[in-house]
Amino acid sequence: MAELAALWIVRHGESTANVAATEAESTGAELIGLTHRDADVPLSPTGEQQARATGRWLAELPPRRRPDVAVVSPYLRAMRTAELALDGTGIPVSRDERLRDRELGVLDGLTGHGVARRFPDEAQRRARLGKFYYRPPGGESWTDVALRLRGLLGDLRRDHAGQRVLLFGHDALVFLLRYLVEGLTEPELMALTGRHVIANCSVTGWTADAGGRLVPDTFNDVTHLHRQGAARPGRTRSMPNRSEVITPALLRRWALPVPTGGKEARGTVLVVGGSRFTPGAVLLAGVAALRAGAGVLQLAAAESTAAALSIQVPEALVVGLPETGDGAVAGRPGDPLDGLVADADVVAVGPGLTDIDATGELLRGVLDAAPKQTALVLDAYALGALSHAPDLLVGSGRPVVLTPNLTEATHLLGRDPGDDLDAEAAELARRYDAVVSLYGHIAAPDGRCWREESGDAGLGTSGSGDVRAGLLAGLLSRGAEPAQAACWAAFAHAVSGQRLVPRFGRIGFLARELLDEIPHTLATV
């Protein structure tokens, strides 16, 4: 059967029942105290704000990524979320009762405490059968919901083959779509439900890979809510858990976009950096971006180095930037940099920069010139400049990845990092509203965390961080979202180093030798 080009599901915005349930659970009450039947529960004021923020996320998607059709649960809270999110988009909408929430039968309106008190036999039966197969009297099991979703997916694939479909539904549907689309087992599904709470107005999605198979793109993502100030503290993040290890299996499930067409389809990367004495950092980052799949490369560095760079990297357009007296790139060079920034898909700022004040001016100039959808990678001195203006990115709605080492993390945190780098990366992601890649520990602002465990001591060499920043920029230019690009880049960086060990040993290989290993590493995941 033909496949969809993309599939997303948005959980409805916060409802009045969500608010009542949280209050009832926190006080130990038995009843949630609903005043409407489940199908008629409205959004709370926060839920309406979340739905409008989701609409702004949709409006910012490039045309090639925008949904073609939307299908909505008939429940009021989902229909109202869709109405607000889709307002003015022109996306055709239909309702389908197979997207309704799971029916709880006699347990409807009860808290967990209430079920245990009023239906102790059912509580024991649920514990014995497990969440997946347990069906409350008059209600549905998870397998019942999966059955109706399986039928819906078949109809969507038949009626909308090759199109991008956006669903609006409920939390159990998000988990069960992962079960169906990704072929998860019952234990894998239940492990997901134990680690995550599906946030109101979160986005979960899949895109078709080169073989036409839907692969995970994003899960439980509420970045758009944080950017718009619409996130509900405590209800929009996944439940606390250890970071997920980045493995080839994880990356295969989260496959990179495979662009078709010419070099423009793989995006333009602009690397801004390099003083009179450190042009090599720009070279390493730029070539890494090309090795990761970027279609077009542009380098902007100190004017005195431009001619040499253009010879060393003949694949790139090289532009010289004004210098200070000590050879640093001067702040706010203006044209022609503004034009390059405006046209780039990804801008990497920082490799080889040497003056913190000039870098701060340069970073502000890049932000002023860059369209909102342009992805940014901030490295080295750009991170130091950001630490002096910590609110510079917060709420901007930009896709941004920060790549600090431990010294740069110290500046960003305002203190020495602790031993728990998962926690430190998560703190930085929340504080700066950006994806953070810290020594193989990746965190997103919505609370998702990953860690790369195959990196070795040899990566601690001059220029290695420049390679990683460029590698990340190249993956972003291919269409990867920031957290996905950060995870793939961390893995490819580490494994490229491993591939050099048989020739050079654990230490002793050079950063430039990582470059040639990147394509093979990416291709063999």
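Residues numbered from 1 in each chain as written. Predicted model: local features only at pLDDT ≥ 70, side-chain atom pairs only at ≥ 80, totals over all residues. Heavy atoms only, no water.

Quick notes on the overall build of the chain
Along the backbone of the chain there are 21 helices and 16 strands. Seen through its principal axes, the chain has C-alpha atoms that stretch 75 × 50 × 45 Å. Sorting the 525 residues of the chain into buried and exposed places 56% on the buried side. For the chain, the distance from the average site of its 54 positive side-chain charges to the average site of its 63 negative ones is 5 Å. (Helix = DSSP H or I, 4+ residues; strand = E, 2+ residues; numbered from the N terminus. Buried < 20%, exposed > 50% of the residue type's maximum accessible area, 1.4 Å probe, protein only. Lys, Arg positive; Asp, Glu negative; His and termini not counted. Charge placed at Lys NZ, Arg CZ, Asp CG, Glu CD.)

Thoughts on unusual backbone geometry
Non-glycine residue Cys201 carries a positive phi angle of around 60°. Its location among the elements puts Cys201 in the loop between helix H8 (186–195) and strand S5 (203–208). Judged by its relative accessible area of 0%, Cys201 falls in the buried class.

Describing the side chain of Thr374
With respect to the helices, strands and loops of the structure, Thr374 is situated in the loop between helix H14 (356–369) and strand S12 (375–378). Setting aside residues no more than four positions away along its own chain, Thr374 makes contact with Ala344, Asp345, Val346, Val347 and Pro399. (Contact = heavy atoms within 4.5 Å.)

Focus on the packing of aromatic side chains
Per the counting criterion, the structure on display carries 4 aromatic pairs. Pairwise contacts between aromatic rings join Phe132, Tyr133 and Tyr179 into one cluster. Its guanidinium or amino end placed over the ring of Phe219, Arg178 lies 4.6 Å from that ring's centre, counting from NZ or CZ. (Phe/Tyr/Trp six-rings, centres within 6.5 Å; stacked < 30°, edge-to-face > 60°. Lys NZ or Arg CZ within 6 Å of the ring centre and 35° of its normal.)

Overview of the sheet that holds strand S13 (residues 400–402)
What the 10 strands build is an open sheet, ordered S7-S16-S15-S14-S13-S12-S11-S8-S9-S10; its pairing is mixed. Two strands lie at the open edges of the sheet, namely strand S7 (244–245) and strand S10 (317–321), each paired on one side alone. Here strand S9 (residues 296–302) runs beside S10; their pairing, made up of 5 bridges, is parallel. Residue pairing in the sheet places Ala300 in a bridge with Val319 of S10. Contacts from helix H11 (residues 279–291) reach strand S8 (268–272) and S9, with the element oriented near 175° to S9. (Pairing = 2+ DSSP bridges. Axes fitted to C-alpha atoms, helices over the stretch in contact; angles between N-to-C directions.)

Description of the pairing of strand S1 (residues 6–11)
The buried fraction of S1 amounts to 6 of the 6 residues, a majority that puts the element mostly inside the structure. Burial along S1 is two-sided: Ala6, Trp8 and Val10 facing one way and Leu7, Ile9 and Arg11 facing the other are all buried. Across 5 bridges, S1 lies against S5 in antiparallel orientation. When the sheet's bridge partners are listed, Ile9 is paired in S5 with Thr204. Direction of pairing for S1 relative to strand S4 (residues 164–169): parallel, over a ladder of 6 bridges.

Points about the sheet that holds S1
What the 6 strands build is an open sheet, ordered S3-S2-S4-S1-S5-S6; its pairing is mixed. Two strands in the sheet have a free side with no partner beyond their single neighbour: strand S3 (93–95) and strand S6 (214–221). Within the sheet, the average angular offset between the axes of one strand and its neighbour, ignoring direction, is 15°.

Quick look at the pairing of S5
Of all the 6 residues making up S5, 5 are buried; the element is thus mostly covered by neighbouring parts of the structure. With 5 bridges connecting them, S5 and S6 associate as antiparallel partners. Bridged to Trp206 within S6 is Pro216.

Focus on the pattern of salt bridges
The final tally for this structure, using the stated rule, is 34 salt bridges. A salt bridge links Glu3 to Arg157, with the shortest nitrogen-to-oxygen separation between them at 2.9 Å. Of this pair, Glu3 sits in the segment before S1 while Arg157 sits in helix H6 (residues 142–159), and the two are 154 residues apart along the sequence. Arg157 matches Glu3 in its accessibility class, with the two residues each being buried. Measuring nitrogen to oxygen at the nearest pair gives 4.0 Å for the salt bridge that ties Arg253 to Glu244. On the basis of relative accessible area, Arg253 is assigned to the partly exposed category, the value being 34%. The class of Glu244 is partly exposed, set by a relative accessible area of 32%. Connected via shared salt-bridge partners are Asp96, Arg98, Asp155, Arg158 and Asp159. (Salt bridge = Lys/Arg side-chain N within 4 Å of Asp/Glu carboxyl O.)

Structural notes on the environment of Leu4
When you line up the elements, Leu4 lands in the segment before S1. Overall, Leu4 belongs to the buried group, its relative accessible area being 1%. Along the sequence, Leu4 and Asp144 sit 140 residues apart, while their C-alpha atoms lie 24 Å from each other. Ignoring anything within four residues of it in the chain, the contact list for Leu4 reads Leu156, Arg157, His160, Gly162, Gln163, Val165, Ala208 and Leu214.

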